[in-house]
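Residue-level structural notes
Listed below, chain by chain, are the residues.
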Amino acid sequence: MFRTPSGRRAILGLAAAAALTLSMGACGSESDDSSSSGAPAPSASADTSLADKVPADIKSAGKLVIGTDSSYAPNEFLDSDGKTVIGFDVDLFNAVAQKLGLTTEWQSATFGDIIPGVSSDKYAVGVSSFTINKDRLKEVNMISYFSAGTQWAAKKGASINPDDVCGKKIAVQATTVQVDDITARSKKCTDAGKAKITIDQYQKQSDATNAVNTGKDEAMLADSPITAYAVKQTGGKLELVGDIYDSAPYGYVVAKDQTEFAGVIGDAVKALIADGTYKQILDKWGVTAGAVTTAEVNPAV
């Protein structure tokens with residue numbers, strides 16, 4: 001989910017909403033290979049040549065504490081136990097860690113607190129569907145691993161045109177790039193003498209989704225894989241609207257002084273792409289459309 005200076009993001013299916021109600025109060029969870037998708041996560045073998053490049057302090061700890069906003073299915077969300085973080089992002093980064101001979105501990109956090117948490121060493125890595133943008137690159141190192149765009153959704157049968165929503169009530173997750181998107185659309189409305197868009201911002205994407213499902217809001221916009229998954233989880237109550245646009249890379253977040261480690265993470269992603277594990281994980285979660293062919297540290301955006 002881009003969210004504004006802090007990421008792109010958004011949407012949790014209704015099936016996971018109940019678990020999410022508990023999620024933000026839960027602590028993290030040690031990683032495992034289970035998931036609600038019904039299949040075990042593909043595992044990766046440690047690569048000695050990569051593990052040898054891991055900075056000494058990280059290697060000695062042996063474990064990476066990861067900050068994530070676990071309300072963003074299918075990327076990162078809570079399993080039915082209300083505490084275990086699962087999803088596409090989780091499976092993929094667990095495989096990255098395995099390549100480096102490290103284990104992971106996932107800790108649920110508010111999205112806007114993750115980058116500051118990485119910078120203050122509370123988290124070794126931030127993995128939470130962060131869209132890479134210039135503002136973030138001023139604060140941290142980012143390693144690209146996936147591509148996502150923005151997608152709209154509305155109640156099935158609703159007459160919604162994303163390019164003509166003046167005067168309508170639109171749901172969006174707070175601090176996402178989609179807030180900038182809908183704010184700019186509202187300004188175009190008022191500049192043209194039309195009614196402004198009522199922008200309802202929610203801390204959790206699950207709440208934004210529910211607002212549309214219950215009729216409180218008329219439509220929502222979020223990252224493409226998140227919207228598609230949310231629509232699927234509503235059992236036909238919501239439907240996708242319009243095309244995906246503004247595709248951009250997601251990036252793992254590490255501290256600004258950890259450029260060496262960022263490079264090692266990038267090499268691990270490349271190794272997963274090369275050995276096929278990367279595609280297996282994306283296929284498992286139905287997000288293969290966002291696959292990339294390489295990983296870059298601090299790519300130009």
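Let us look at the structure shown here. (Residues numbered from 1 in each chain as written. Predicted model: local features only at pLDDT ≥ 70, side-chain atom pairs only at ≥ 80, totals over all residues. Heavy atoms only, no water.)

Time to look at the state of the cysteines. Put plainly, a disulfide is one covalent bond tying together the sulfur atoms of two cysteines. Within this structure, the stated rule accounts for one disulfide. Shown here is the disulfide that connects Cys166 with Cys189, its sulfur atoms set 2.0 Å apart. Between Cys166 and Cys189, the S-S torsion sits near -85 degrees, and that sign places the bridge as left-handed. Of this pair, Cys166 sits in the loop between β8 (140–155) and β9 (169–173) while Cys189 sits in helix α7 (residues 177–191), and the two are 23 residues apart along the sequence. Cys189 sits in the buried class, given a relative accessible area of 4%. (Disulfide = S-S within 2.5 Å. Helix = DSSP H or I, 4+ residues; strand = E, 2+ residues; numbered from the N terminus. Buried < 20%, exposed > 50% of the residue type's maximum accessible area, 1.4 Å probe, protein only.)

Attention now moves to the pairing of strand β2 (residues 63–68). The element β2 is extensively covered by neighbouring structure, given that five of its six residues are classed as buried. Examined bridge by bridge, β2 and strand β6 (residues 103–108) share six bridges and lie parallel to one another. Residue pairing across strands places Val65 opposite Glu105, the latter belonging to β6. Where β2 meets strand β7 (residues 125–126), two bridges bridge the pair, whose relative direction is parallel. Note that in β7 the partner of Gly67 across the bridge is Gly126. (Pairing = 2+ DSSP bridges.)

Its 17 residues give helix α10 (residues 259–275) an end-to-end C-alpha distance of 25 Å, which sits within 8% of 24 Å, the value for a rise of 1.5 Å per residue. Immediately beyond the C-terminal end of α10, within one or two residues, lies Gly276, with a positive phi of roughly 90 degrees. (Expected span 1.5 Å × (residues − 1).)

Looking now at the packing of helix α4 (residues 88–99) against helix α11 (residues 277–285). Working note: a packed helix pair is described by the angle between its axes plus the distance between those axes. It is the contact of α4 with α11, at a shortest axis distance of 9 Å, that shows an interaxial angle of 165 degrees. The pairing of α4 with α11 is recorded here as roughly antiparallel in orientation. The element α4 and its partner α11 pack so that their crossing is right-handed. Mapping the contact onto sequence places Phe88, Asp91, Leu92 and Ala95 in α4 and Thr277, Tyr278, Ile281, Leu282, Lys284 and Trp285 in α11. A class-by-class count of the residues in the contact of α4 with α11 yields seven nonpolar, one polar and two charged. (Axes fitted to C-alpha atoms, helices over the stretch in contact; angles between N-to-C directions. Parallel < 35°, antiparallel > 145°, perpendicular 65-115°, else oblique. Left-handed = near helix turned anticlockwise from the far one by under 90°. Contact = heavy atoms within 4.5 Å. Nonpolar A, V, L, I, M, F, W, Y, C, P; charged D, E, K, R; others polar.)

If the charged atoms of two oppositely charged side chains come close together, the side chains can form a pair. For the structure shown, the criterion picks out eleven salt bridges. Between Lys99 and Asp275 there is a salt bridge, with its nearest N and O atoms 3.0 Å apart. Note that Lys99 is positioned in helix α4 and Asp275 in helix α10, a separation of 176 residues in sequence. According to the relative accessible area criterion, Lys99 is buried, its value standing at 9%. The shortest N-O distance in the salt bridge between Asp135 and Lys138 comes to 4.0 Å. (Salt bridge = Lys/Arg side-chain N within 4 Å of Asp/Glu carboxyl O.)

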